[in-house]
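# Breakdown of the fold
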Amino acid sequence: MLLTISTTHQPATDLGYLLHKNPARLQSVDIAYGQAHVFYPEATLTRCTAALLLDIDTVALVRSHRGPAGEGFALEQYVNDRPYAASSFLSTALVKAFNTAMNGTCKDRPELPDTRLPLEATVAALPAANAEQLHRLFEPLGYEVETDAHPLDPTVPAWGESRYYTLRLRHSTCRLRDLLTHLYVLVPVLDNDKHYWIGPAEVEKLLHRGAEWLPQHPDREFITRRYLRFAEYVNPTLKRLLTAEEAATDDVSGTGLPVAQTVIPDEKVTGTTQVGSEGNAEPATEKQKLHDLRLARIAEQIRRVGAKRVLDLGCGEGKLVRLLLQQPQIEHILGMDVSYQELVRAQERLHFAEMPPRQRERLTLVQGSLLYHDPRLAGYDAAAVVEVIEHLDESRLVAFELVLFARARPGIVLLTTPNATYNQKFEKLSAGQFRHSDHRFEWTETQFAAWASAVAERHGYRVRVEPLGPEDAQVGAPSQLAVFERVG
Ligand code: SAH
């Protein structure tokens, strides 16, 4: 069983600091049924690779009755894939060998664990149902995924492929601890043999190691089920995962994560939504008016460019979706939000269940996070991102930028965010406070324009930034809109 991790970050030998393992030495740790060895096949200033090799003692495994279950033929206890394929033993070895790195600490270079590096990981032999499964598990986490299928026996091609793949993951801006944590959780998910015992401790491990990414993963339910194996733990754990999501986003609850399809034709916008309520500094009616204006302006721009396929990212309860459905030129709308509860609300407000089938086919509502690469977002003419970025941690905007502008690349992006300078007009708000309790930042016009033009420059877009809402001579407009157009 071999895992290698490489970086071209400079100096690449920083990898040794991060892993707390000196590149010049071979180091070994004992694990339950064998040993894990760490060594560096290459360690130069421009490229460094660390290898984790597991040496599993199958005889010790049999003696402990932890080998593959007694099904199959008698020799299977002794002759099996455990020493060669990545399994839950890899996870055990990861925490044993790289515990400090996984916890994000580095005594000598405290800034390193938070540094995003170009990283590449290769798992030599990983069992999977098919290559698609590997793409589904790792791509939403931002990795470029490459798989090589291995034949059952290279000398007998007629036998076809085995269930083992070499998996290569590439990420241009990844914290090492995230890579280790993703492997720690996802490798056992792929491992079909029930050779490890699942108890309450496994629930805690999953929640701990998955805290920062699992709640937003589109396959989190599958991952939880496969990781925990036993139904009695699965549902309570899913509930707790969703509670974690609630803390991380606007408001999320419920269980399950259906990908719903929705639409409603000609119900009028009622304005009965709860904008301007709790956690909000703007007076309700003013905020409502501003929001309607914002949405009308975006809908109008989408109509003007004649977009046929439109994304509404962070669609919330579907107010923009409702306006877009009234535009006959639009063939398909994909509304995405990280919050399950918002999506359920959108379905209700749009009266999805009562919709005529042809209308329904024009709309898909999906749960997903804008911080993770999502192939479903590719191939659209326009994307609206209305009052969403300020809900993302500023440090994660890099991920958002890559997901939208580098990977999805819609023809036009209409993105709005509050104008921080305008906040002094809100009586309830003291200096330095944000308009909404979930806002992670609010930008002045200068800050927004600087970000927008840097993003446009990096990804081949042209951008213009416009004030949104009634302008005040001193502090400008309450909101601001950036219109990005893909060049070429
Ligand atoms: N665009 C809507 C909702 C804005 S509120 C409107 O203008 O009415 C912000 C929305 O962003 C919320 O629905 C929230 O759930 C969603 N959101 C927050 N973080 C997100 C993420 N990482 N990915 C996708 N949506 C997210």
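Figured I'd write up the structure that's included with this text. None of these values were measured; they are calculated from a predicted model.

Thresholds applied
Position labels on residues start from 1 in each chain and follow its written sequence. pLDDT decides what is reported in this predicted model: residues at 70 or higher carry local features, side-chain atom pairs at 80 or more are listed and counted, and totals for whole chains, interfaces and linings draw on all residues regardless. Heavy atoms from the whole structure form the basis of all side-chain values; hydrogens and water molecules are not counted. The helix and strand labels rest on DSSP assignments: H or I over at least four residues marks a helix, E over at least two residues marks a strand, and numbering proceeds from the N terminus. The rule is simple: take the accessible area with a 1.4 Å probe, protein chains only, and divide by the maximum for that residue type; under 20% is buried, over 50% is exposed, in between is partly exposed. Contact between two residues is taken to exist if any of their heavy atoms lie within 4.5 Å; hydrogens are not considered. Areas reported as accessible are Shrake-Rupley estimates using a 1.4 Å probe. Residue values count occlusion only from the protein chains shown. Nearness is judged by heavy atoms alone; a residue qualifies as near a molecule or strand once a single heavy atom is within 4 Å of it. Distance and chemistry together define a polar contact, namely a pair of N or O atoms within 3.5 Å, with one atom able to donate a hydrogen and the other to accept it when in protein, and with adjacent residues in sequence counting only for side-chain atoms on both sides. The nonpolar class holds Ala, Val, Leu, Ile, Met, Phe, Trp, Tyr, Cys and Pro. Asp, Glu, Lys and Arg form the charged class, and all remaining residues, Gly among them, are polar. At least two DSSP bridges between two strands are required for those strands to pair. For helices, the axis comes from a line fit to the C-alpha atoms of the stretch in contact; other axes are also lines fit to C-alpha atoms, and the angle between any two N-to-C directions lies between 0 and 180 degrees. To estimate the expected span of a helix, count its residues, drop one, and scale the result by 1.5 Å. Taking the helix axis as origin, the arc is that swept by the directions to the C-beta atoms.

## Some points on the overall build of the chain
Summing up its helical and strand segments, the chain has 14 helices and 15 strands in all. The buried share among the 488 residues of the chain stands at 53%. Considering only contacts in the chain between residues 6 or more positions apart, those separated by 24 or more positions represent 73%. Of the roughly 21800 Å² of accessible surface on the chain, 53% is carried by carbon and sulfur atoms.

## Some details on the site of the ligand
Taken together, 17 residues form the shell around the ligand, and within it His291, Gly314, Asp337, Leu370 and Val386 come nearest. At a separation of 2.9 Å, a nitrogen atom of the ligand approaches a polar backbone atom of Val386. With the chains in place, 91% of the 570 Å² that the ligand exposes on its own is no longer accessible. Looking at the shell around the ligand, its residues break down into 6 nonpolar, 7 polar and 4 charged.

## What to know about unusual backbone geometry
For the bond running from Gln10 to Pro11, omega is -5°, close enough to zero to count as cis. The topology assignment puts Pro11 in the loop between strand 1 (2-7) and helix 1 (14-19). If you check the backbone angles, Glu387 has positive phi at about 55° while not being a glycine. Looking at Glu387, the relative accessible area reads 13%, which means it is buried. Within the chain, Arg409 stands out as a residue other than glycine whose phi angle is a positive 45°. The residue Arg409 is located in the loop between helix 13 (397-408) and strand 13 (412-418) in this model.

## Some words on the environment of Leu350
Assignment of secondary structure puts Leu350 in the loop between helix 11 (340-349) and helix 12 (357-360). When its relative accessible area of 0% is taken as the criterion, Leu350 is described as buried. Each C-alpha atom of the pair Leu350 and Arg322 lies 6.9 Å from the other, and the pair is 28 residues apart in sequence.

## Considering the sheet that holds strand 2 (residues 27-31)
Pairing is antiparallel in the open sheet, where 7 strands are placed in the order 2-3-4-1-5-7-6. Only two strands of the sheet have a single neighbouring strand rather than two, namely strand 2 and strand 6 (144-151). Pairwise comparison of adjacent strand axes, ignoring direction, gives a mean angle of 15° for this sheet. In terms of strand pairing, strand 3 (residues 34-43) meets strand 4 (residues 48-56) through 8 bridges, oriented antiparallel. Counterpart to Val38 in the pairing with strand 4 is Leu52. The sheet contacts of helix 5 (residues 176-190) involve strand 1, strand 5 (117-127) and strand 7 (161-174), and relative to strand 5 the element is tilted by about 15°.

## Quick notes on helix 14 (residues 445-459)
Its 15 residues place the ends of helix 14 21 Å apart at the C-alpha level, agreeing with the 21 Å of an ideal helix rising 1.5 Å per residue. Within the sequence span of helix 14, burial applies to Phe448, Trp451, Ala452, Val455, Ala456 and His459. Along the axis of helix 14, the buried positions cluster into a sector of 130°, meaning they face one direction only. Residues of helix 14 that are exposed and point over 90 degrees away from its buried face: Thr446, Glu457 and Arg458. If you follow the buried residues of helix 14, they end up packed against helix 13, strand 13, strand 14 (461-468) and strand 15 (479-486). The positive-phi residue at the C-terminal boundary of helix 14 is Gly460, with phi of around 75°.

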